[in-house]
Amino acid sequence: MSRLLARIVRRKVLTASGGLVLAAALTVPTAAAHRDAEVLPDAAPAAAMAVDAASPFAQSGPRNLIKRLQDTYISSADDADHSQGRLLHIGTPDGGATKYRSFLQFDVSRLTGASIKKASLRLYNSFVPAADCGKNPWLGVYRVAESWNQSTITWANQPSVGEGTAAYFGVGHPTGCEDQPNKYLPERSVGIQRIDVTDMVKAWTTPGTSTPNYGIRLSTQEGAPHPTTGATWYKDFCSMNPTTPDNDRACTEAYFTPTLEVEFNSGATPLITGNEYGPPYAGGYPAAEEALEFLDSNNPLVWEQSKPYQRWLPDAYHAVKDASLKGTLWKGGTSHKLRSSSLYGGQVLVAADGGSGFIGVVPYPSLAGYHWALNVRDTGEAGDLHGAELLPDGSVVAAFAGTSDGRSKGRLELYTKKQGTPGAWNNTAASTYYFDGAHEVLYDPSSGYLWAVGSHALKKIGIAGGAFDDKDVETFYLPRQTDARDAEKGAAAYGHDLAPVYGNADRFWVAGNGGVTQFSKSGAAVCYQGTVSQKWPVRQHVETLRNEKGEVDTRVDGTRHWCTDYPNENLINTRTFVKSIGNDPVTGKVATTCADECPLANIVPEDNNNDGQPDRLYSTPWIEIIDPAVSRPDLRRGAYKWSPNSKHYRATWAVPSYQ
């Protein structure tokens, strides 16, 4: 369980009058997915393994699956419209003369049918009276039973409520229990509170439910202070209307607005993918912009309806206030992987974007603020950033492919933990290792080495003293592609992606222009068995490996390192120009993307190549998923998209393990 969800405040289940109630458990069937109707040989399913894979975790927000609809407070002293205020009030500050209650509503309709594991209401408690410090007075969170409107609701016409949840907390006074907003890591702010509302959300999202979603009421004791402790029970919270820093030191951040957090479809490891397509939003807010997207892999057939359940980009809304980090050429993310970091106290998202030059280490699943970030795209920089990896000491290694015009050479660059310090970042690399066509990097915890894939080779690189060790490098040349122009030597492989094979710590996935293969680090046994229809890697170029000059390399037995003996190879290795590859350790599913000359690539009408054909881009709207659990081999592979306008480069399973 994430640290975020572990910090749920203690609660009891209440009715509006204080009685205990029970909620029924939900079981939701999974719909079958459509797959290519192509008859292929049977293959053994890949074995699943127990790892710390993520489950879909959605937060309400304007770009996300769950939407904030409305909030306000009502007062027994007036009938005014308080819906645009920066605060929500509950209780009484004057012994019962003036009473306050607050109402909130979220749209969870797109979660209908999902299996809800945990739902929490996240609030920022910005004020309590001094008498309440350390007392943790109770707060009631009740299900609203009738419709209401934030602009017209009053004390006199307020709706009735049903069962509820009680929570006990209280911070926000400058003397004794001050709230403390955290500028760079909002999730660590003193003031954040979470209340378990799982039963409410389950009731709202059960198919055919008789429990309509009219939202939530916040209220508490509304009489005289406690005769012994003096506690008043009064509280202020940030509302859904963030204000300017001049008016409030805390309620200025989107992360502090009332937010519904829902973990759902447990066991369905999310897919993370960058998207250059920024969809327009109702009313024009937020502005259409490229984003990193999180997709629920439980049933890709519904992606067109459900769309990404979460979107992220390094902007002020997500507490990245330094605009120079995102820059002006953000393209949604080129490399994106989860990691578990004891250094940062939990899971993090390591993201890099080739368009803007952004590289960051971001708290997950909060996706608010950042532990570490910098931008590598200075004036004149080529924009060839393709991959990034977090090392155990907090350093980050980035892969740059280089450019054909020679403006930039392929290379790996290492940036120290200090260089990404929030508010004081420095993008001058601490160490550089030149490597032609470097596309992705992967740390190997079993050996302490860094692996990188490029145009011609896979490299194992030592790191010592915070720098690349040029004397501790082992090179494994990629099998070359078949090329009619040079049948003997073939053509460069052009590697694009490198990922762990979860379930086999000796193996990596490698994707390139020719297709997909696995790599054995040990080379302990022959693992090359040929490929279907003589697809890459072909036997000729596995048995005779060549360097970037086409010269034969006799050091390595390619049949022991370049492997085709993995389950469902005939389904997985079907495309060329493969940009990403990876397997889900929970289900055994494999996801790939392909572009350029692949038939699934985005196509534009321009003919910049002067070949008389529309250009194919390096992106695709499709993600292909191979599901070994499907009994019929001809139905195991399917291609899925949520929008025909999407432009994905890679798709990565949300698994924080390096191996």
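A few points on the structure. Keep in mind the model is a prediction, meaning the values are calculated, not measured.

## With respect to the overall build of the protein chain
Consideration 1: Tallying secondary structure elements over the protein chain gives 7 helices and 40 strands in all.
Consideration 2: Across its three principal axes, the protein chain shows a C-alpha extent of roughly 90 × 55 × 50 Å.
Consideration 3: In the protein chain, which comprises 659 residues, the proportion classed as buried is 60%.
Consideration 4: If you take every contact in the protein chain between residues at least 6 apart in sequence, the share linking residues at least 24 apart comes to 67%.
Consideration 5: Of the roughly 25,300 Å² that the protein chain leaves accessible, carbon and sulfur atoms contribute 49%.
Consideration 6: Separation between the mean location of the 62 positive side-chain charges and that of the 70 negative ones in the protein chain comes to 3 Å.

## Remarks on the packing of aromatic side chains
The description of two aromatic rings rests on the distance between their centres and on the angle between their planes.
Consideration 1: Summed over all chains, the structure comprises 25 aromatic pairs.
Consideration 2: Arranged with centres 6.2 Å apart and planes meeting at 65°, the rings of Tyr100 and Tyr234 form a pair that is edge-to-face. Of this pair, Tyr100 sits in strand S5 (residues 100–107) while Tyr234 sits in the loop between strand S10 (216–219) and strand S11 (235–238), and the two are 134 residues apart along the sequence. In this pair, the class of Tyr100 matches that of Tyr234, namely buried.
Consideration 3: For the pair Phe169 and Phe237, a centre-to-centre distance of 6.2 Å together with 75° between the ring planes defines the contact as edge-to-face. One end of the pair, Phe169, is in the loop between strand S8 (161–168) and strand S9 (192–196); the other, Phe237, is in strand S11, and 68 residues separate them in sequence. Side by side, Phe169 and Phe237 carry an identical accessibility label, which is buried.
Consideration 4: Cluster of aromatic residues (ring-pair linked, three or more members): Trp451, Phe476, Phe508, Phe519 and Trp562.
Consideration 5: Between the NZ or CZ atom of Arg122 and the centre of the ring of Tyr255, over which it lies, the distance is 3.6 Å.

## Concerning the side chain of Gln310
Consideration 1: Following the sequence through the fold, Gln310 ends up in strand S15 (residues 310–312).
Consideration 2: The class of Gln310 is buried, set by a relative accessible area of 4%.
Consideration 3: One polar contact links the side chain of Gln310 to the main-chain amide nitrogen of Gln59, over a distance of 2.9 Å.
Consideration 4: Those residues in contact with Gln310 that sit more than four places away from it in its chain are Phe57, Ala58, Gln59, Asn64, Leu292, Glu293, Phe294 and Leu367.

## Let's talk about helix H2 (residues 198–205)
Consideration 1: Within H2, 7 of the 8 residues are buried, which leaves the element mostly enclosed by the surrounding structure.
Consideration 2: For H2, the set of buried residues is Thr198, Met200, Val201, Lys202, Ala203, Trp204 and Thr205.
Consideration 3: Of the surrounding elements, those touching the buried residues of H2 are strand S6 (116–127), strand S7 (138–144), S8, S9, S10 and strand S12 (259–264).

## Some thoughts on the environment of Ser219
Consideration 1: Within the secondary structure, Ser219 is located in strand S10.
Consideration 2: With 120 residues separating them along the chain, Ser219 and Lys99 place their C-alpha atoms 9.5 Å apart.
Consideration 3: Apart from the residues within four sequence positions on either side, Ser219 is in contact with Ile90, Arg101, Trp138, Leu139, Gly140 and Tyr142.
Consideration 4: Separated by 3.1 Å, the side chains of Ser219 and Arg217 make a polar contact.

## A word on the pattern of salt bridges
Consideration 1: The full count for this structure, using the stated rule, is 28 salt bridges.
Consideration 2: The salt bridge involving Arg101 is made with Glu222; its shortest N-O contact spans 2.8 Å. Note that Arg101 is positioned in strand S5 and Glu222 in the loop between S10 and S11, a separation of 121 residues in sequence.
Consideration 3: Residue Arg101 is classed as buried on the basis of its relative accessible area of 16%.

## Brief notes about the state of the cysteines
Consideration 1: This structure, assessed with the given rule, holds 4 disulfides.
Consideration 2: Two residues share a disulfide in this structure: Cys527 and Cys563, whose sulfurs sit 2.1 Å from each other. On the S-S bond that ties Cys527 to Cys563, the torsion sits near -65°, and the link is left-handed. On the criterion of sequence distance, the pair formed by Cys527 in the loop between strand S30 (516–520) and helix H5 (539–543) and Cys563 in strand S33 (residues 562–563) is long-range, its members being 36 residues apart. No difference in accessibility class separates Cys527 from Cys563, as the two residues are buried.
Consideration 3: Each bonded cysteine in the protein chain gets a number by its place in the sequence, and the pairs come out as 1-2, 3-4, 5-6, 7-8.

## Considering the environment of Arg122
Consideration 1: Its location among the elements puts Arg122 in strand S6.
Consideration 2: Its relative accessible area of 2% is what places Arg122 among the buried residues.
Consideration 3: For Arg122, the contacting residues outside a window of four places in its chain are Gln59, Ile192, Gln193, Arg194, Tyr255, Thr257, Pro258, Thr259 and Glu261.
Consideration 4: Looking at Arg122, its side chain comes within polar contact range of the side chain of Gln59, at 2.8 Å.

## Regarding the sheet that holds strand S18 (residues 358–363)
Consideration 1: One open sheet holds the 4 strands; their spatial order is S16-S17-S18-S19, and the pairing between them is antiparallel. Where the open sheet ends on each side, the last strands, each with one partner, are strand S16 (335–341) and strand S19 (372–375). The mean angle between the axes of side-by-side strands here comes to 20°, regardless of whether they run parallel or antiparallel.
Consideration 2: Both strand S17 (residues 346–352) and S18 contribute to a ladder of 5 bridges, which runs antiparallel. Opposite Val350, over in S18, you have Val361 as the bridge partner.

## Observations regarding the sheet that holds strand S23 (residues 431–434)
Strand pairing in a sheet relies on backbone hydrogen bonds. The paired strands run either parallel or antiparallel.
Consideration 1: Pairing in this open sheet of 4 strands is antiparallel, and the strands run S20-S21-S22-S23 from one edge to the other. Each edge of the open sheet is held by one strand with a lone partner, namely strand S20 (385–390) and S23. Mean inter-strand twist for the sheet, computed between neighbouring axes without regard to direction, equals 20°.
Consideration 2: Examined bridge by bridge, strand S22 (residues 411–415) and S23 share 4 bridges and lie antiparallel to one another. Following the sheet pairing, Arg411 is matched in S23 by Tyr434.

## Here's the deal with the side chain of Asn583
Consideration 1: Mapped onto the elements of the fold, Asn583 is located in strand S34 (residues 578–583).
Consideration 2: Reaching out from Asn583, the side chain makes a polar contact with the side chain of Trp509 at a distance of 3.0 Å.
Consideration 3: Filtering out sequence-adjacent residues up to four positions away, Asn583 remains in contact with Pro500, Val501, Tyr502, Trp509, Lys589, Val590 and Trp653.

## Examining the nonpolar core
Consideration 1: Leu139, Val141, Leu218, Val262, Phe264, Trp312 and Leu349 are the most contacted members of the largest nonpolar core, which totals 51 residues.
Consideration 2: The element best represented in this core is S6, accounting for 4 residues.
Consideration 3: Every residue in contact with Val141, bar those within four places of it in the chain, is listed here: Leu121, Glu163, Gly164, Thr165, Ile195, Val197, Met200, Ile216, Arg217 and Leu218.
Consideration 4: Val376, Ala399, Leu412 and Tyr433 belong to the second-largest nonpolar core, a separate cluster that totals 33 residues.

## Things to note about the pairing of S30
Consideration 1: Counting buried positions over the 5 residues of S30 gives 5, a clear majority of the element.
Consideration 2: Here S30 shows two buried faces, one formed by Val516, Gln518 and Ser520 and the other by Thr517 and Phe519.
Consideration 3: Bridge analysis of S30 against S33 gives 2 bridges, and the strand direction is antiparallel. In the sheet register, Phe519 faces S33, and the bridge partner there is Trp562.

How each quantity is defined
In this convention, every chain numbers its residues from 1, walking through the sequence in written order. Where local features are concerned, this predicted model is filtered to residues with pLDDT of at least 70; where side-chain atom pairs are given and counted, the filter is 80 or more; whole-chain, interface and lining totals use all residues. To get the side-chain values, take all heavy atoms of the structure and skip hydrogens and water. Only runs of H or I of at least four residues qualify as helices and only runs of E of at least two qualify as strands under DSSP, and these elements are numbered from the N terminus. For the exposure calls, accessible area comes from a 1.4 Å probe over protein chains only, and a residue counts as buried if that area is under 20% of its type's maximum, exposed if over 50%, partly exposed in between. Residue contacts are defined here by distance: any two heavy atoms, one from each residue, within 4.5 Å place the two residues in contact. Computed with a 1.4 Å probe, the accessible areas rest on the Shrake-Rupley method; for each residue, only the protein chains presented here act as cover. Counted as positive: Lys and Arg. Counted as negative: Asp and Glu, with His and the chain ends omitted from the count. Note that the charge is assigned to NZ on lysines, CZ on arginines, CG on aspartates and CD on glutamates. In this analysis, rings of Phe, Tyr and Trp, with Trp reduced to its six-membered ring, are considered paired at centre separations within 6.5 Å, and the interplanar angle assigns stacked below 30 degrees, edge-to-face beyond 60, and tilted for intermediate values. Think of it as a cone above the ring: NZ of Lys or CZ of Arg counts as a charge over the ring if it is within 6 Å of the ring centre and within 35 degrees of the ring normal. The term polar contact refers here to a pair of N or O atoms within 3.5 Å; inside protein, the definition further demands a hydrogen-donor-capable atom paired with an acceptor-capable atom, and it admits residues adjacent in sequence only when both atoms are side-chain atoms. A side-chain nitrogen of Lys or Arg and a carboxyl oxygen of Asp or Glu constitute a salt bridge if their distance falls within 4 Å. When two cysteine sulfur atoms lie within 2.5 Å, the pair is treated as a disulfide. Two strands make a pair as long as DSSP finds a minimum of two bridges between them. Axes, fitted as lines to C-alpha atoms, cover a helix only where it is in contact. Angles between the N-to-C directions of the axes lie from 0 to 180 degrees. To form a nonpolar core, buried Ala, Val, Leu, Ile, Met, Phe, Trp, Tyr and Cys residues must be joined to one another through side-chain atoms within 4.5 Å.

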